[in-house]
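An overview of the molecular structure
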Amino acid sequence: MLSLWYALDLGKVAYVLGQLQNKTASDALSMILKDINVHPMVKHEVTEALGSIADDQCVALEEFAKDPEPIVSESCEVALSMLKLRDQENHSRHLKLRKFHHKPGTLYQLVLSSSNR
């Protein structure tokens, strides 16, 4: 019974770290995901956390998208899809900001013109 409580607590901790988007936890979360002795439900929470954190450890999500345990592989697919969508939104936002900043009369243009004087 102790291992069940440990798994539940580990899942809760992974969930909270994901909500906090704590990048310092990525290595530990990736190690948990790679541990064959960890309950699939904990791995599900870990994949969601890694998806929320969105850093270099996303490679682990790609690796486990083919996990034989459906709850793990499906969670990885969802997390990877969310990351892709977030990247597209960030890219779109960046392009909009660039267009805004390069329009005549914007603060960006005013700063450029004052620095050329």
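First things first, this report covers the structure right here in the doc. Each chain carries its own residue numbering, running from 1 in the direction its sequence is written. Per-residue local features of the predicted model are confined to residues with pLDDT of at least 70, and side-chain atom pairs are confined, for both listing and counting, to 80 or more; whole-chain, interface and lining totals are unaffected and use all residues. Side-chain descriptors were evaluated using all non-hydrogen atoms of the structure, hydrogens and water having been removed beforehand.

What follows deals with the nonpolar core. Counting 22 residues, the largest nonpolar core has Leu29, Leu33, Val46 and Leu61 as its most contacted members. Here a helix means four or more residues in a row that DSSP labels H or I, a strand means two or more in a row labelled E, and each is numbered from the N terminus. Breaking this core down by element, the ones donating at least two residues are helix H1 (2-20), helix H2 (26-34), helix H3 (40-53), helix H4 (58-64) and helix H5 (70-101). Per-element accounting of this core gives the leading share, five residues, to H3. By definition, residues are in contact when any of their heavy atoms lie within 4.5 Å. With near-sequence residues (within four places) excluded, Leu61 lies in contact with Thr47, Leu50, Gly51, Cys76, Ala79, Leu80 and Leu83. What makes a nonpolar core is a set of buried Ala, Val, Leu, Ile, Met, Phe, Trp, Tyr and Cys residues whose side-chain atoms join them at distances within 4.5 Å. Buried, partly exposed and exposed residues are distinguished by accessible area as a fraction of the type maximum, computed with a 1.4 Å probe on protein chains only: under 20%, between the cut-offs, and over 50%, respectively.

Next up on the list: the environment of Lys34. Within the element layout of this structure, Lys34 appears in helix H2. Owing to a relative accessible area of 46%, Lys34 belongs among the partly exposed residues under this scheme. In the structure, Lys34 is positioned 29 residues away from Glu63 in sequence and 9.4 Å away in space, judged by C-alpha atoms.

An α-helical segment advances 3.6 residues per turn. Residues three or four places apart therefore align on the same side. Those residues of H2 not exposed but buried are Ser26, Leu29, Ser30, Ile32 and Leu33. Angular distribution of buried residues about the axis of H2 spans 155 degrees; they occupy a single face of the element. Arc, as used here, means the arc of the directions from the helix axis to the C-beta atoms.

Turning to H3, a few remarks are in order. For a helix, the expected span equals 1.5 Å multiplied by the residue count minus one. A rise of 1.5 Å per residue sets the reference length of H3, with its 14 residues, at 20 Å; its end C-alpha atoms lie 20 Å apart and thus fit the reference within 8%. When you tally the buried positions in H3, you get 11 out of 14 residues, the bulk of the element. Within H3, the full set of buried residues consists of Val42, Lys43, His44, Glu45, Val46, Thr47, Ala49, Leu50, Gly51, Ser52 and Ile53. Once H3 ends, the next one or two residues include Ala54, with phi positive near 55 degrees.

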